[in-house]
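Inside the fold
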Amino acid sequence: MRKKIIAANWKMNMTAAEAASFMEDLELELKNFDGAEVVIVPPFTVLPRLSEIISEIPGVTLGAQNMWHETSGAFTGEISAGMLREFFTRYVVLGHSERRTIFGETDELVNKKVKAALAASLRPILCVGETLEERDAGRVHEVLSRQLKGSLAGLDTDQMLDTVIAYEPVWAIGTGRTATPEQAQEAHAFIRKTIGEIFDPATAAKVRIQYGGSVKPDNAKELLHQPDIDGALVGGASLDPRGFAKIVKAAARS
Ligand code: PEP
């Protein structure tokens with residue numbers, strides 16, 4: 001049974017004080033709730049404060065938005081997996097489309113980061129997804145297959161099981177335009193089949209695949225009801241604790 005995983009990608013939003021206040025509200029909303037794993041993915045500057053707060057809240061863990069694959073050295077502006085682990089960070093989002101398009105990250109680089117994260121006992125949330133142009137050209141499977149094979153190259157099955165995949169169609173991120181549940185399910189089933197080919201079907205059946213792209217309280221339930229959707233990576237709607245709690249609860253009921 002794959003436990004649903006709902007992650008809040010705050011992107012470049014929230015000060016430490018705002019994050020503390022968010023967590024107070026979220027904790028109240030999710031009191032006695034254990035129907036899904038919740039991951040808060042704040043900016044790096046907020047990790048120290050949240051690591052103290054989150055250690056007191058069962059079922060809630062901490063994630064980071066990015067990392068560099070080397071352990072230390074002359075990489076100005078970067079952060080290592082070991083530095084993230086210092087603050088009890090459990091997950092790290094890798095290959096987000098904003099990293100790929102704004103910062104030019106390739107599958108090869110993402111693969112190095114995935115391996116470095118796993119070596120430091122950090123669980124990657126690996127983002128894949130096609131642009132609108134690629135969807136319109138009928139290239140969704142080709143793009144997903146290339147991203148998965150490139151980013152997961154060289155992993156063993158245990159490492160695959162420690163990795164979460166996030167299917168995030170680029171045209172749905174921050175646009176208010178969500179994939180229909182049918183479009184999302186189709187892509188998720190393809191991702192699972194591809195993981196089955198890279199590894200084996202039994203491993204693929206256990207891997208959790210999140211959907212991301214304009215998930216909101218009013219569309220979460222239908223998406224999370226799909227058989228191959230095991231959670232959500234939520235951007236904009238994760239900045240409001242009440243709205244985010246509704247999305248988390250929608251996961252539990254599905
Ligand atoms: C994201 O950034 O991963 C995301 C899915 O953003 P949004 O929910 O705002 O579309």
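Here the structure is shown first, and the text comes after it.
Residues numbered from 1 in each chain as written. Predicted model: local features only at pLDDT ≥ 70, side-chain atom pairs only at ≥ 80, totals over all residues. Heavy atoms only, no water.

**Description of the site of the ligand**
Lining the immediate surroundings of the ligand are 14 residues, of which Lys11, Glu168, Gly174, Ser214 and Gly235 lie closest. The contact in question runs from an oxygen atom of the ligand to an N or O atom on the side chain of Asn9, over 3.3 Å. In this structure, an oxygen atom belonging to the ligand sits 2.6 Å away from a side-chain N or O atom of Lys11. Per-class residue counts for the shell around the ligand are four nonpolar, eight polar and two charged. (Near = heavy atom within 4 Å. Polar contact = N/O pair within 3.5 Å; in protein donor to acceptor, adjacent residues only side chain to side chain. Nonpolar A, V, L, I, M, F, W, Y, C, P; charged D, E, K, R; others polar.)

**Notes on the sheet that holds strand β2 (residues 37-41)**
Strand order in the closed barrel made by the eight strands is β1-β2-β3-β4-β5-β6-β7-β8, with parallel pairing throughout. Ignoring which end each strand starts from, the neighbouring axes of this sheet average 25° apart. Here β2 pairs with strand β3 (residues 60-64) via three bridges, running parallel. Following the sheet pairing, Ile40 is matched in β3 by Leu62. Across the sheet, helix α7 (residues 140-151) is in contact with β5 (123-128) and β6 (164-167); its angle to β5 comes to roughly 155°. (Pairing = 2+ DSSP bridges. Helix = DSSP H or I, 4+ residues; strand = E, 2+ residues; numbered from the N terminus. Axes fitted to C-alpha atoms, helices over the stretch in contact; angles between N-to-C directions. Contact = heavy atoms within 4.5 Å.)

**Details of the packing of helix α1 (residues 16-29) against helix α2 (residues 47-54)**
Between α1 and α2, the shortest axis-to-axis distance is 9 Å and the interhelical angle comes to 20°. Taken together, α1 and α2 sit at an angle that is classed as roughly parallel. Seen along the crossing, α1 lies across α2 with a hand that is right-handed. Facing Ala16, Ala17, Ala19, Ala20 and Met23 of α1, the residues of α2 in contact are Arg49, Leu50, Ile53 and Ile54. A class-by-class count of the residues in the contact of α1 with α2 yields eight nonpolar, no polar and one charged. (Parallel < 35°, antiparallel > 145°, perpendicular 65-115°, else oblique. Left-handed = near helix turned anticlockwise from the far one by under 90°.)

**A short note on the nonpolar core**
Ranked by size, the top nonpolar core spans 69 residues in total, and within it Ile6, Ile40, Met67, Ile165 and Phe244 carry the most contacts. In terms of residue count, helix α12 (residues 241-253) provides more of this core than any other element does, six residues in total. Setting aside its immediate chain neighbours within four residues, Ile40 contacts Ala8, Trp10, Phe22, Met23, Leu26, Leu50, Ile54, Val60, Thr61, Leu62, Gly63 and Phe244. Ala7, Val93, Val164 and Leu233 belong to the second largest nonpolar core, which has eleven residues in total. (Core = buried A, V, L, I, M, F, W, Y, C linked by side-chain atoms within 4.5 Å. Buried < 20%, exposed > 50% of the residue type's maximum accessible area, 1.4 Å probe, protein only.)

**Brief notes about the pairing of strand β8 (residues 231-234)**
In β8, alternate side chains face the same way, and those of Gly231 and Leu233 on one face and Ala232 and Val234 on the other are all buried. Pairing analysis gives four bridges linking strand β1 (residues 5-9) to β8, with the strands arranged parallel. Among the inter-strand pairings, Ala7 is bridged to a residue of β8, identified as Leu233. Examined bridge by bridge, strand β7 (residues 209-212) and β8 share two bridges and lie parallel to one another. Paired with Tyr211 across the two strands is Ala232, which belongs to β8. After leaving β7, the chain enters helix α11 (residues 217-224) and then returns to the sheet as β8, a path that is right-handed. (Right-handed = clockwise from strand over helix to strand, strands pointing away.)

**Considering the pattern of salt bridges**
Applying the stated criterion across every chain yields a total of 15 salt bridges. One salt bridge connects Asp25 with Arg242, and the closest N-O pair in it is separated by 3.7 Å. With a gap of 217 residues between them, Asp25 in helix α1 and Arg242 in helix α12 connect regions that are remote in the sequence. Look at Asp25 and you get partly exposed, because its relative accessible area is 23%. The class for Arg242 is partly exposed, based on a relative accessible area of 42%. Among the salt bridges present, the one from Arg242 reaches Glu29, with a minimum N-O distance of 3.6 Å. A residue pair is termed long-range when its members are at least 10 positions apart, and Arg242 in helix α12 and Glu29 in helix α1 qualify at 213 residues. Connected through salt bridges with shared partners, the residues Arg2, Arg192, Asp228 and Asp230 form a single ionic network. (Salt bridge = Lys/Arg side-chain N within 4 Å of Asp/Glu carboxyl O.)

**With respect to the side chain of Arg100**
Relative to the helices and strands, Arg100 resides in helix α4 (residues 97-102). Look at Arg100 and you get buried, because its relative accessible area is 15%. Among the polar contacts made by the side chain of Arg100, one reaches the main-chain carbonyl oxygen of Gly95 at a distance of 2.8 Å.

**Some points on the environment of Lys4**
For Lys4, the position within the fold is in the segment before β1. Overall, Lys4 belongs to the buried group, its relative accessible area being 15%. Taking the C-alpha atoms as reference points, Lys4 and Gly196, 192 residues apart in sequence, are found 20 Å from one another.

Don't take any of this as a statement about function, it's just geometry.
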